[in-house]
Structure formats: structure tokens, C-alpha cells
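For reference, the chains in residue letters:
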2 protein chains.
Amino acid sequence: MFITRIGQLLTMEGAALGLRSNVSLRVENGRVAEIIDGEVSRHGDAIDAGGQLVTPGLVDPHTHLIFAGSRADEFDRRARGQSYNEIAAAGGGILSTVRATRAASDEELIASTLARLDRFLRNGVVAVEAKSGYALSIEGELRLLRLLKRVAQQHVVKISPTLLAHVPPPDLPRQVFVDRFIAEAIPQAAQEKLAEAVDVYCDVGAFTLDETERILNAAKSLGLRLRVHAEQFTYTGAAELAAKLGAASVEHVEELSADGPALLARSQTGCNLLPGAALTLGLKWPNARALLDAGCLVALGTDCNPGSSLTESLPLMMSLACMQMKMSCEEAWRAATVNAARALGHDLGRVAVGASANLVIWRANDYREVIQHYGDSLVEAVIVDGQKMQF
Amino acid sequence: MFITRIGQLLTMEGAALGLRSNVSLRVENGRVAEIIDGEVSRHGDAIDAGGQLVTPGLVDPHTHLIFAGSRADEFDRRARGQSYNEIAAAGGGILSTVRATRAASDEELIASTLARLDRFLRNGVVAVEAKSGYALSIEGELRLLRLLKRVAQQHVVKISPTLLAHVPPPDLPRQVFVDRFIAEAIPQAAQEKLAEAVDVYCDVGAFTLDETERILNAAKSLGLRLRVHAEQFTYTGAAELAAKLGAASVEHVEELSADGPALLARSQTGCNLLPGAALTLGLKWPNARALLDAGCLVALGTDCNPGSSLTESLPLMMSLACMQMKMSCEEAWRAATVNAARALGHDLGRVAVGASANLVIWRANDYREVIQHYGDSLVEAVIVDGQKMQF
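Residues numbered from 1 in each chain as written. Chains lettered and ligands numbered in written order. Predicted model: local features only at pLDDT ≥ 70, side-chain atom pairs only at ≥ 80, totals over all residues. Heavy atoms only, no water.

Another point: the relation of the copies chain A and chain B. Placing chain A over chain B gives an RMSD of 0.0 Å and needs a rotation angle of 180°, together with 0.0 Å of translation along the axis. When the rotation and shift are considered jointly, the pair of chain copies conforms to a two-fold rotation axis. If distances are taken from each C-alpha of chain A to the rotation axis, the shortest is found for G375 of chain A, at 2.4 Å. (Least-squares fit on C-alpha atoms with pLDDT ≥ 70 in both.)

Much of the literature gives interface size as the accessible area that the parts lose upon coming together. The partner chain B presents 46 residues to the 46 residues of chain A that form the contact. Per-residue buried area on chain A facing chain B is highest for F75, Q372 and Y374 of chain A; these three make up 20% of the total on that side. Applying the counting criterion to the chain A and chain B interface returns 2 salt bridges. A salt bridge links D376 of chain A to R122 of chain B, with the shortest nitrogen-to-oxygen separation between them at 2.6 Å. Our count for the contact surface shared by chain A and chain B stands at 22 residue pairs in polar contact (both at pLDDT 80 or more). (Contact = heavy atoms within 4.5 Å. Buried area = accessible area lost by both parts, 1.4 Å probe. Salt bridge = Lys/Arg side-chain N within 4 Å of Asp/Glu carboxyl O. Polar contact = N/O pair within 3.5 Å; in protein donor to acceptor, adjacent residues only side chain to side chain.)

Time to look at the pairing of strand 12 (residues 270-273) of chain B. Residue and element names in this part refer to chain B. A two-sided burial pattern is seen for strand 12, the buried positions comprising G270 and N272 on one face and C271 and L273 on the other. Here strand 11 (residues 249-252) pairs with strand 12 via 3 bridges, running parallel. In the sheet register, E251 faces strand 12, and the bridge partner there is N272. At this point the chain moves from strand 11, through helix 9 (residues 260-267), to the parallel strand 12, and the crossover so formed is right-handed. Relative to strand 13 (residues 298-300), strand 12 runs parallel, the two being bridged by 3 bridges. Paired with C271 across the bridge in strand 13 is V298. (Buried < 20%, exposed > 50% of the residue type's maximum accessible area, 1.4 Å probe, protein only. Helix = DSSP H or I, 4+ residues; strand = E, 2+ residues; numbered from the N terminus. Pairing = 2+ DSSP bridges. Right-handed = clockwise from strand over helix to strand, strands pointing away.)

Counted according to the given criterion, the structure contains 58 salt bridges over all chains. A salt bridge links E129 of chain A to K131 of chain A; the nearest nitrogen and oxygen atoms lie 2.7 Å apart. Assessed through its relative accessible area of 0%, K131 of chain A is described here as buried. Where D76 of chain B meets R80 of chain B, a salt bridge forms, and the shortest distance between an N and an O atom there is 3.2 Å. With a relative accessible area of 5%, D76 of chain B lands in the buried category. Residue classification places R80 of chain B among the exposed residues on the basis of a relative accessible area of 52%. Three or more residues joined by partner-sharing salt bridges are found here, namely E129, K131, D199 and R227 of chain A.

Turning to helix 9 of chain B, a few remarks are in order. All names here are of chain B. Taken together, the buried positions of helix 9 are G260, P261, L264 and A265. On an axial view of helix 9, the arc spanned by its buried residues comes to 130°, and they lie on one face. Along its buried surface, helix 9 packs onto helix 8 (238-245), strand 11, strand 12 and helix 11 (288-293). Remark: Q268 follows helix 9 within two positions and exhibits a positive phi of approximately 55°. (Arc of directions from axis to C-beta.)

Take the sheet that holds strand 9 (residues 197-202) of chain B next. All names here are of chain B. With parallel pairing, the 8 strands of this open sheet are ordered in space as 6-7-8-9-10-11-12-13. The two strands at the open ends of the sheet, each matched to only one other strand, are strand 6 (58-60) and strand 13. Strand-to-strand twist in this sheet, taken as the mean axis angle between neighbours without regard to direction, amounts to 25°. Here strand 8 (residues 158-165) pairs with strand 9 via 4 bridges, running parallel. Paired with L164 across the bridge in strand 9 is D199. Packing against the sheet, helix 5 (residues 138-154) makes contact with strand 7 (125-131) and strand 8, and its axis sits at approximately 175° to strand 8. Across the sheet, helix 12 (residues 314-324) is in contact with strand 6, strand 7 and strand 13; its angle to strand 6 comes to roughly 85°. (Axes fitted to C-alpha atoms, helices over the stretch in contact; angles between N-to-C directions.)

All names here are of chain A. Domain boundaries in chain A define domain 1 (2-56 + 350-388) and domain 2 (58-344). Taken together, the contact between domain 1 and domain 2 spans 26 residues of the former and 21 residues of the latter. It is M12, I371 and V384 that lose the most area in domain 1 upon contact with domain 2, and together they represent 30% of the buried surface on that side. At the boundary of domain 1 with domain 2, the tally comes to 1 salt bridge. For the side of domain 1 that touches domain 2, the secondary structure elements donating two or more residues are strand 5 (53-56), strand 14 (359-362), helix 15 (367-372) and strand 15 (379-384). Considering every element that reaches the side of domain 1 that touches domain 2, the biggest residue donor is helix 15, with 5 residues. (Domains from an automatic or database assignment.)

Glancing now at helix 7 (residues 209-221) of chain A. Residue and element names in this part refer to chain A. With 13 residues, helix 7 should cover 18 Å at 1.5 Å per step; its first-to-last C-alpha distance of 18 Å lies within 8% of that length. Every buried residue of helix 7 is accounted for by E211, T212, I215, L216, A218 and A219. Taken end-on, helix 7 shows its buried residues confined to a sector of 155°, consistent with a single buried face. Looking at helix 7, the residues exposed on the side facing more than 90 degrees away from the buried face are D210 and S221. Where helix 7 is buried, its residues touch strand 8 (158-165), helix 6 (174-191), strand 9 (197-202), strand 10 (225-230) and helix 8 (238-245). Just beyond helix 7, the residue with positive phi is G223, at close to 80°. (Expected span 1.5 Å × (residues − 1).)

This part takes up the packing of helix 6 of chain A against helix 7 of chain A. Residue and element names in this part refer to chain A. One can describe the packing of helix 6 onto helix 7 by two numbers: an axis separation of 9 Å at closest approach and a directional angle of 10°. Classed by the angle they form, the pair helix 6 and helix 7 counts as roughly parallel. Between helix 6 and helix 7, the residues in contact are R174, Q175, V178, D179, F181, I182 and I186 and E211, R214, I215, A218 and A219, respectively. Within the contact of helix 6 with helix 7, the residues separate by chemical class into 7 nonpolar, 1 polar and 4 charged. (Parallel < 35°, antiparallel > 145°, perpendicular 65-115°, else oblique. Nonpolar A, V, L, I, M, F, W, Y, C, P; charged D, E, K, R; others polar.)

Bringing the pairing of strand 15 (residues 379-384) of chain B into the picture now. Residue and element names in this part refer to chain B. Burial runs high along strand 15: 5 of the 6 residues are buried. Bridge count for strand 14 (residues 359-362) against strand 15 is 4 bridges, and the pairing is antiparallel. Bridge pairing in strand 15 places V360 opposite V382. The pairing of strand 15 with strand 16 (residues 387-388) spans 2 bridges and is antiparallel. Across the sheet, the residue bridging to I383 is K388, located in strand 16. Hairpin connection from strand 15 to strand 16: 2 residues lie between these consecutive antiparallel strands, with D385 at a positive phi of about 45°.

A word on the packing of aromatic side chains. Overall, the coordinates contain 8 aromatic pairs over all chains when judged by the stated rule. Here F67 of chain A and Y134 of chain A contribute two aromatic rings whose centre-to-centre distance is 6.2 Å and whose plane-to-plane angle is 75°, an arrangement assigned as edge-to-face. With F67 of chain A in the loop between strand 6 (58-60) and helix 1 (72-79) and Y134 of chain A in the loop between strand 7 (125-131) and helix 5 (138-154), this pair connects stretches of sequence that are 67 residues apart. The exposure classification of F67 of chain A matches that of Y134 of chain A, with both residues buried. An angle of 85° between the planes, with centres 5.8 Å apart, marks the rings of W333 of chain B and W362 of chain B as edge-to-face. With W333 of chain B in helix 13 (residues 329-335) and W362 of chain B in strand 14, this residue pair connects regions lying 29 residues apart in the sequence. Relative accessible area serves as the criterion here: at 0%, W333 of chain B is assigned to the buried category. One Lys or Arg, R116 of chain A, reaches over the ring of F67 of chain A and ends 3.7 Å from the middle of that ring. Seen from the ring of Y367 of chain A, R368 of chain A lies directly overhead, with NZ or CZ sitting 5.6 Å from the centre. (Phe/Tyr/Trp six-rings, centres within 6.5 Å; stacked < 30°, edge-to-face > 60°. Lys NZ or Arg CZ within 6 Å of the ring centre and 35° of its normal.)

So this is what it looks like as C-alpha cells:
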């Protein structure tokens, strides 16, 4: 199969965008077999890119993909002046989603998660990280991971599952929960290969730095990747801990310390920035410039979740990064492709001979147009492992 | 024709949302003929809303719909640290679009404008205001209005055309341009019925308050509606002028004076707030609360244009209003329906017996979900004058 008349191709090879003009691709067995200068003469199975932009499929390194229920009422109350923490303290927030998720049937959870993945795909996303976290019981978290496994079998978007220690449960002493999370949830998830990573939400109202370290050490000893929700609302030192333990990624990091960027750069810990949560909650934007200038590996995620960022539009996160966080278009493209893929430990997010053919054809002639135009996807077609998707 | 199983209907009748639950609509000759409690037994031509949300079609009161060229390079330069005014001073900005628009063929301009309207429709928008402004010659501005008239004949989205005095042209003394705008452009547009309104961009780098007043008085004397791009970058007093002249709307008003809201409320001048420009340029958000609390008629627009807000997503503007401008979901819905329609002087934006049947069926059960979910349209179907659109 060929993709011909590609006006602009981002390969993401090398340090910049690996930009190629006026090329075609030969795809075989789901992989890129050849990058050809110019057009190919018409074949029956050639996809005509019409001179437009082709890029790697986007990769979202941070989603809370599986949940039930709606928190639109809380959204409106926040718009009317209540704070996220006020709403959480009144029994809303995460615990409201926990009640709905616990009550939902497997079929409901699978159906709504599949619908979400459809929207991700329509936005050019071919792979997402997906966290558990809305059960807050050992068996419940494992259930969500098992459901994610079933979802992954039914959808072309690739899922990198993460076991998340989200917040202490309302119905179990936090010490008991942490102990059982370490003694039961992590080993079981590892044994059943339900999770590739463990993430801990370290913040006021979530887990302490000590609890975070205990959980991450347990995950590390079983060979799982480590992630930390660090410094979203308050500075806790979690980013330094993540760097020390060689975590694959830190998440949010809005409230990073002054020496955080250098530490994270040295440890090559990916920084998953989530502008959607800052936008939704009216918080300050992650300091992308400090991280990039320090040499950190910066990725962008939607943070797709029912409370603080209900979106599947990774292109919009790229727009926010350039509009509000002073990231260049080049930095935003790397953040949503190769850098995100690296945080997930897989080989997506680039176009190279031998690499899997996960591609987006955009209704645009230039990679910057996709970011400048916002709020409505310019995706024309998505190719997953060499197959053109219909939607 | 019937629309049945509407779980939640926003009629926008009365001061709030005019919310009705579990109703059906009978539509005849493109108009709502009856609002029926409960379901209707199945007819061959009934549209099943499946228990979801139905609202009036959205109305965008402020777009720069017709233009050619791309300013994605400038977008990237701004992301890398250059300011909007620096870029404009270097020959970029509006004048870059003017060069591309002057050079574009009628066919190119019509095709790109139609494509933009397709995206508006997909976002639930059934009517837009559309300004000229990227020709900066008398004949060129009239050409853009004539092309908008041709576009309107080819698309179901309704267009309210506005003759815009955008910025002084680079190739004509400003005094000559203003004189000819008054003596030729406005009378010709009125005579050919090419424009329903005249808008002046009053700001540093655009027109002075005196020039603005002269142009608006000329438009008023010919019975055209008045609009003013007021107080976007600097405070000029344009909003007070608009109130004094009984303008239909002021646009932007980020830098309003302390007594501006009360004046605008008294004159019943619509306030078209454009959060997309604030987002794109990193400027401060319009002070919606001051305007709403003073009793102003607040509407939301995309400001769709090639430089400072390249989007057709009015739902995203509603999200930004609630996330960042402390507007409630109810206020955002009114701003994007009845209030916007009122600024345009037509009867859209509501669901009532006898009113035209312009409706959106949303993939949501509640009006707040459409705003909380952002970056990807939840539109399931759009009904224009009783006809269901395909896309």
C-alpha cells in the first residue's frame, strides 16, 4: 500500500521535526517500508494525501480513560464560584466519580470507554496511557484494569495501562489501603500483566510523599514503570522523588521547585504537562519553558477525566501549549508524538522505515496550521498499523 | 415531521433556559408547530433524539469569515516570543491577510469560506455574523460583501453581513480612505443590500475615536446597524461612543472603563465577548462578570479569523467562558443563542411555536455536559429550517 502526494511529512527523526517535502510512503505488513521522493504512479491501493500534511499518529501519555457518571453539575458550580477543593470536601470531586464507577456495570464502562477512544481517534490519537483510579478498592482497581484490557481488544487505539493510587478511599483507613495496594494490587497487576506502570497522586488530599515513596518502591521492585502526579496544587517534593527513583514520568508539575527542572532533566524523567486541567480549573499553566530550557523531555497529555479535563483533543493541548505556555510548534509536535511515546516506553510517534505505520493525514498544508487552528480537529484520515480507519 | 424523545429541551424562552424535560417537537414548513409532552408514537419521518439534549442552533455574532492565506508562521513566531504588534509592525498581521485576500480568486475565497461554514455547522452553529475587512480598498470591501452574498446562497448557515472598517490601508492616505468609506462604501453597501451593519475597529493601529464616530454616523443615517471593535488592546472610549449612538453591539471590550458596563446596559448595546482572541494571544479575559452583573446583554463569538482566533467552535467559547470568565452554564447558553441572535437582529436562538426550527441534537443528556466537555464537538445532528443536515 502507498500513501502518495504527501506535501509535508513530519518524521520526528533527529532532534527537530525531521521534515520532508513532497514524498510518498510505501507501507507493508503494517510498517513503513520505504520513504519515496515525489509521487508514486497510481496504484489501486494508494491513498492520495492531496499535497497535505502527514504526521505520526498522536500519543497521549496521560488519561483517566475509564470512568462512569457525569460531573457537569460540579463544573457549573465551579463556574459560579466554588473551588475544586470546596466541591471535593462536600463529597463531590473524585469521590462522586468513584460512586458512579463502582455502581456501573462492566458493559457500561466498556461502552463509554470505547466511545471515548473513538473521539481520541477522530482527533488523530493512536495511543493513550490509561489509568485506573476511580474504584479505590484493591479489587475495584484490578477490575478497571481488566476492563481496560477488554477495551484494548476491541479498539485500534493502543492502551498503555497504569495502576493509579488516586486518593485514599472513604471507606478504608488510608494505612490499610496503602498496605494492601502494595501487598496485593501491585503484585496482582504485575502478575496478570494488567498494568505497565504504577502512578501515585501525591498532593494535599491525596497521598503523602512517604506513602508515595513506599508505593513506588514496591512497583519498581516488580519491574513496573513509575509515574507521579506531582506538584499540581501544592509543592510536595514529589518531582524530586520521581527523579531519584528514575520514574518514567511526572504529571502536571505546575508548582515545581526552582531546581526541579534540572533534576528531572538529569534523570531523563518525562514531564507530562496537562494544560487542559489548568484551563478547566483556572489554575496557572505548567512552566513548560523552564522544563524545556533545562533540557527536560516534555510531553503533552489531555488528562482526559470527568472532573478537571473532559476532552479527547490532544491537538487542542498543542494549541494551548503554543498559545499560553510559550512552546513553539516544533516543541508541541515533539511533545505529542515522540516524547509522549517515550514516556510510555514504546516506539510510536515517528515515521521511519521499519517502524509501525501509524499516521495522520491532516486537512492542512503545514504542521503549524494544525496547532493554530483550534477547537475542531483538522484530521482527514488516521492510519493505524497500515490500515485506514473509517469515521 | 417530528423530533421525539427529547430528554432535555432548552427553549431559551423567559429569562433563564426555558428548560423542558421529556418532550417532542412537531415541525411544519420549517417552523416549530407544537411542543408536545412525552413521546410521539412512531411516524415514518420522526427523528429520535434518544433521550438526549436538544437546543436552539447556536448563533455566532462575530466572525471574520472571508479571507485567504495562512498566518501559521506568525502564530509560531508569537509562540516563540514575538508580540502581535511586533509582527504587525513588521508587515505581518492583518496586512499579510490583506495581500493574500486581494490576490485570491473569487472561487478560492468562496470555496474556503464554504469549508469554514461546514465546520461551523458541525459545531452546531446555524447563523453567523460575517465581516468584510481584508481588502482595505473601497471596491475590495464591496467585492468581499458580494462574495459573502454568493456564499450565503450556497450554504444553509445564515450569514449576517457587516461592512468593516478594519485598519487604515497601506496604500492610501487614511483620511482619503475614511472619506471614501463614508461617501462610497457605506452607501453602496446599503443600496445593494450587501451589509446589515457597519463595524469600525477603534484601537491603536486601527481607527481613532473621531474617525469611528464619523463612520458610524454615516452608517446610522442610512439605517444600518452599528458595531464597534472596542477596547481590545487599549482603552479608547469606543464603548461609550457605541452606547451613545445606540450601537447594536460592541466587540471584545477587554479594556473597558469602570463605568462602561452601566452605560452599555442602559443603551442595551450587545456585548460580543471573544474569548478565543484572548486565548490565542495570551491577553486577559473579557470581564464578563462586570458586564453581566451590570445587566448587559452578553453574547459569545468565535472571532473566527486568520490571525488571532482561527476556530469555528462556538461550543469551545462557551467552555472558555465558564472555565475562565466565571460565566455560569446558563449564561453561556444564553450568550451563544438568544443574546447573539438579538445582536444580529433576528429571531433565531430559541425554540418556540411559530419560530423557525433551527435545532441541535447533542450527544449529551444535560446542557452543562456540552460545555464541560471541550475541544471536540458533541453535536449529533443539526436541523436547519426543519431539515436535518448530513455531515
